[in-house]
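Residue-level structure breakdown
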Amino acid sequence: VDRWSRGSSPLHRRDPRAKLAALLVFLVAIATATQGIAILAGALFLLLAAALLWARVPLTGAVARAALVLPFTAAFALVCWLAGDPARGVALLLKSYLSALAVLTVVATTPLPALLQALEFARAPRFLLMVGQFLYRYLFVISEEAQHMAKAAAARGATAGGLTENRHRFRGAAGALAVLFARSYGRAGDIHRAMLARGFSGRLPALDTFRFRTADAIFLTLATLLPVLLRIAAARIA
Amino acid sequence: VARILKSCYFERQVHIPDGFLSTPVWATLDAAAVPAVAAVARRAQRGFDDGRVPLLGVMGAFVFAAQMINFPVGVGTTGHLVGGALLAFTLGPAAASVTMCAILAIQALVFQDGGILALGANIFNMAVCGVLAGYLPFRLWGHGRFRTAAIFGGATLSVLASAVLALGELLLSGVRMPGAALGISLGLFAISAVIEGAITVAVMNALEAIQPGMVRAPARRPWASTAVAVAAVMLAAVGVLFASTAPDGIQKLAEQTGIGTRATALVGTPFSGYQTAFLQSAWMRKASAGLAGLVLVYGACLAIGRVARRRRSA
């Protein structure tokens, strides 16, 4: 997703604030749908697919990526189906999948720092947003460290096995996690000192400020009107 | 079916995707989450230097990474740390809450794990109620002899509370569940909560062995936060009782509030006259009532924030 978000299509260049607003309208439109969900879902899927193609994001990759929500939803849909309400199950599947795809479309065309900056424009607490930025920045560093630990443990024969050895493995895993905790804690201190050395003043400087152009206005109008109009049309047909 | 359910419940906490919650439920919870997050962020920021920002960010990354270290549970299955309670014991409840908020937001945005409209619900369940409920036993009994029990109980309670809240919200939204499935999922929640408790105790012990002094002694906090924590626990407990004794009652309730008078029940009451004037179709009413409610709460929060800031600077 990170690689996709660094493209330079017209959709990438739109103001992140406009994209966020459009996303919100899209999500509300689909969340409140009650009739003609199948038709609506088809139309909205085509809309999103067009947007993804326009942004030159690999379509199959994005569609597969959004399917990550499906296992969770499928479990509930199955329960609904067993409870004798198959229509509701299908609706759940379609709604959650399309919502995920819509979020993915926005995230795949906007770098995360820009997205968080746009949220700051909506007066979200800056402290929280900065924590989010650091989280995302160090996510892969710490994860890699954890993976190394897991690999090292596996190399020493720590795979899930019988009950007798499990106690030791449990303790071993706890020890590894504690080491990871302490290392992350220490790393945070190092990062902070490095930031202070570079003149950190309590807020992260933004490299570029947003400009709301005519193209953004056109995009916002279209992107908010289309889902709503489709929604009305689907309800008419059904 | 059991396999899918099991993997869902064991793999992670319940992150509600978009499309599951009915409009009044998500709108109310989003509205409730906004001031809660603001308060928590302010509290976490208070009294600390800006070194707090990288610390919380990196610890959030740690919670993500902790999912990669598997703990053997039973025969052949593995579990992993959820982390809310561990963060509360080491960083303090407000900081843990902020970190969990950031984690949930990143998960929703980047990993499609949990929805955007449902973000308020997820934050309410896990970052606010889960963390506070987990911190409560530690705050009460974290000093003395029952320390280990307090840690275990806190971690168990935090997972259980957030899971039960999520289940309750789903039921309120009219997701139907037969009694058997409800019982099974409650049982699975209980098991994964106990696993979380055991893992947290083991990690805390290991942490104290390698770096004593890392674990905070519970500070004397003002009564307000305790009251909120107690409320969170009570809410969860009521949810359990409610769900276990009367699943049919909930379904009936969901039918009534869920389909017939969804919008007018919770969010739409102040707007009922306004909407019938020029919005005809039912869904338009619902959507506009929901949005108007959100805008109203947002505006109120902004205004309160302004006034508070002015008063502080004056």
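Residues numbered from 1 in each chain as written. Chains lettered and ligands numbered in written order. Predicted model: local features only at pLDDT ≥ 70, side-chain atom pairs only at ≥ 80, totals over all residues. Heavy atoms only, no water.

**Side note on the overall build of chain A**
Heads up, the condition is: Where helices and strands are cited, they refer to DSSP runs of H or I of at least four residues and of E of at least two residues respectively, numbered from the N terminus. Burial here depends on accessible area, computed with a 1.4 Å probe over protein chains only, as a share of the maximum for the residue type. Under 20% is buried, over 50% is exposed, and the range in between is partly exposed. Whether two residues are in contact is decided by their heavy atoms, any of which lying within 4.5 Å being enough. Areas reported here follow the Shrake-Rupley algorithm with a probe of radius 1.4 Å; residue values treat only the protein chains shown as occluding.
Across its full length, chain A holds ten helices and zero strands. A burial count over chain A gives 45% of its 238 residues as buried. Across chain A, every contact between residues at least 6 apart in sequence was considered, and the portion connecting residues at least 24 apart equals 79%. Accessible surface for chain A amounts to roughly 11800 Å². Of this, 65% is attributable to carbon and sulfur atoms.

**Examining the side chain of B:Thr200**
Residues and elements named next belong to chain B. Positionally, Thr200 belongs in helix α8 (residues 179-210). Exposure remark for Thr200: the relative accessible area of 0% places this residue in the buried category. Here Thr200 is in contact with Leu81, Leu86, Phe89, Ile151 and Ala155, once residues within four sequence places are set aside.

**Points about the environment of A:Arg3**
Residue and element names in this part refer to chain A. In this structure, Arg3 sits in the segment before α1 (10-13). In this structure Arg3 comes out as exposed when scored by relative accessible area, which is 70%. Along the chain, Arg3 and Arg211 lie 208 residues apart, while their C-alpha atoms are 23 Å from each other.

**Structural notes on helix α3 (residues 37-54) of chain A**
Residues and elements named next belong to chain A. What counts here: For a helix, the expected span equals 1.5 Å multiplied by the residue count minus one. As used here, the arc is the angular range of directions from the helix axis to the C-beta atoms.
With 18 residues, α3 extends 25 Å between its outermost C-alpha atoms, agreeing within 8% with the 26 Å of an ideal straight helix rising 1.5 Å per residue. Residues Ile37, Leu40, Ala41, Leu44, Leu48, Ala49, Ala51 and Leu52 constitute the buried set of α3. Seen along its axis, α3 keeps its buried residues to an arc of 165°; they face one direction. What points out from α3, more than 90 degrees from its buried face, is the exposed set Leu46 and Leu53.

**Looking at a nonpolar patch on the surface**
Residues and elements named next belong to chain B. Defined as follows: Without a salt bridge and with relative accessible area above 30%, a residue can belong to a patch; like charges are then joined within 9 Å and nonpolar side chains (Val, Leu, Ile, Met, Phe, Trp, Tyr) within 5 Å. For this document, the term salt bridge refers to a Lys or Arg side-chain nitrogen within 4 Å of an Asp or Glu carboxyl oxygen.
On the surface, Leu140, Trp141 and Phe146 cluster together into a nonpolar patch covering about 340 Å² of accessible area. Of note, Trp141 is situated in helix α6 (residues 119-141). A residue is classified by how much of its surface remains accessible, and Trp141, at 48% relative accessible area, is partly exposed.

**Observations concerning the packing of helix α2 (residues 16-31) of chain A against helix α6 (residues 86-109) of chain A**
Residues and elements named next belong to chain A. Quick note on the threshold: Throughout, an axis means a line fitted to C-alpha atoms (over the contacting stretch in the case of helices), and angles, computed between N-to-C directions, take values from 0 to 180 degrees. Roughly parallel refers to an angle under 35 degrees, roughly antiparallel to one over 145, roughly perpendicular to one between 65 and 115, and oblique to any angle outside these ranges. Residues are grouped as follows: Ala, Val, Leu, Ile, Met, Phe, Trp, Tyr, Cys and Pro are nonpolar; Asp, Glu, Lys and Arg are charged; all remaining types, including Gly, are polar.
Two elements in contact, α2 and α6, have axes whose closest approach is 10 Å; the angle formed by their N-to-C orientations is 175°. Looking at the two axes, α2 sits roughly antiparallel to α6. Along the contact surface, α2 presents Lys19, Leu23, Phe26, Leu27, Ile30 and Ala31, while α6 presents Lys95, Leu98, Ser99, Ala102, Val103, Val106 and Thr109. Tallied by class, the residues present in the contact of α2 with α6 amount to nine nonpolar, two polar and two charged.

**Digging into the pattern of salt bridges**
Residue and element names in this part refer to chain A. Counting across every chain of the model gives three salt bridges over all chains. A salt bridge links Glu145 to Arg183; its shortest N-O distance comes to 3.0 Å. Placement of the pair is Glu145 in helix α8 (residues 126-155) and Arg183 in helix α9 (residues 163-197), with a sequence separation of 38 residues. Residue Glu145 is classed as buried on the basis of its relative accessible area, which comes to 14%. Look at Arg183 and you get partly exposed, because its relative accessible area is 45%. Residues Asp190 and Arg193 are paired through a salt bridge, measuring 2.9 Å at the closest nitrogen-oxygen approach. Placement of both Asp190 and Arg193 in helix α9 is noted, with a separation of three residues, approximately one turn of the helix. Take Asp190: its relative accessible area is 45%, and that puts it in the partly exposed class. Three or more residues are tied together by salt bridges with common partners; here these are Glu145, Arg183 and Arg187.

**As for the packing of aromatic side chains**
Applied cut-off: Pairing of aromatic side chains here covers Phe, Tyr and the six-membered ring of Trp, requires ring centres within 6.5 Å, and sorts the geometry by plane angle: under 30 degrees stacked, over 60 edge-to-face, intermediate tilted.
A complete count under the given rule lists four aromatic pairs over all chains for this structure. On the basis of an interplanar angle of 80° and a centroid distance of 5.9 Å, the ring pair of A:Tyr136 and A:Phe140 is categorised as edge-to-face. Within this pair, A:Tyr136 and its partner A:Phe140 are both found in helix α8, separated by four residues, close to a single helical turn. The exposure class assigned to A:Tyr136 is buried, which follows from its relative accessible area of 12%. Three or more aromatic residues joined by ring pairs make a cluster, and in this case those are A:Phe181, A:Tyr185 and B:Phe62.

**Some points on the confidence of the model for chain B**
All names here are of chain B. The cut-off we apply is this: Known as pLDDT, the predictor's per-residue confidence is scaled from 0 to 100.
Within chain B, residue pLDDT values average 67, and 56% of them lie at 70 or more. Here residues 1-12 is a poorly scored stretch, pLDDT under 50, and it has 24 contacts once near neighbours within four places are set aside; other chains count. Within the model, pLDDT remains below 50 along residues 243-280, and this stretch shows 47 contacts once partners closer than five positions in the same chain are excluded.

**Focus on the packing of helix α2 (residues 23-45) of chain B against α6(B)**
All names here are of chain B. The following threshold applies: Note on convention: near helix rotated counterclockwise from far helix by under a right angle means a left-handed crossing. Clockwise means right-handed.
Contact geometry for α2 and α6: axes closest at 7 Å, N-to-C directions at 50°. The pairing of α2 with α6 is recorded here as oblique in orientation. α6 is crossed by α2, and the crossing has left-handed handedness. Seen from α2, the contacting residues are Leu29, Asp30, Ala33, Ala36 and Val37; seen from α6, they are Leu119, Gly120, Ala121, Ile123, Phe124 and Val128.

**Points about the nonpolar core**
Selection rule: The nonpolar core is taken to be a set of buried Ala, Val, Leu, Ile, Met, Phe, Trp, Tyr and Cys residues, with the residues joined through side-chain atoms within 4.5 Å.
Among the nonpolar cores identified, the biggest contains 141 residues, and A:Leu177, A:Leu180, B:Phe62, B:Phe71, B:Val98 and B:Ile123 are the most heavily contacted of them. If sequence neighbours within four positions are ignored, A:Leu177 has contacts with B:Phe62, B:Ala66, B:Ile69, B:Phe71, B:Leu81 and B:Val203. In terms of nonpolar packing, the next biggest core, distinct from the first, is built from seven residues, B:Ala163, B:Leu167, B:Leu171 and B:Leu182 among them.

**Let's talk about the environment of A:Phe72**
Take A:Phe72: it is sitting in helix α5 (residues 70-82). Note: C-alpha distance between A:Phe72 and A:Leu93 (21 residues apart in sequence) is 9.5 Å.

**Focus: the state of the cysteines**
Covalent bonding between the sulfur atoms of two cysteines defines a disulfide. Residues and elements named next belong to chain B. How we decide: Note on disulfides: each one is a pair of cysteine sulfur atoms within 2.5 Å.
Per the counting criterion, the structure on display carries zero disulfides over all chains. A disulfide-free cysteine, Cys101 has its sulfur positioned 11 Å from the sulfur of Cys129, the nearest such atom. In this structure Cys101 comes out as buried when scored by relative accessible area, which is 2%. Judged by relative accessible area, Cys129 falls into the buried class, the value being 5%.

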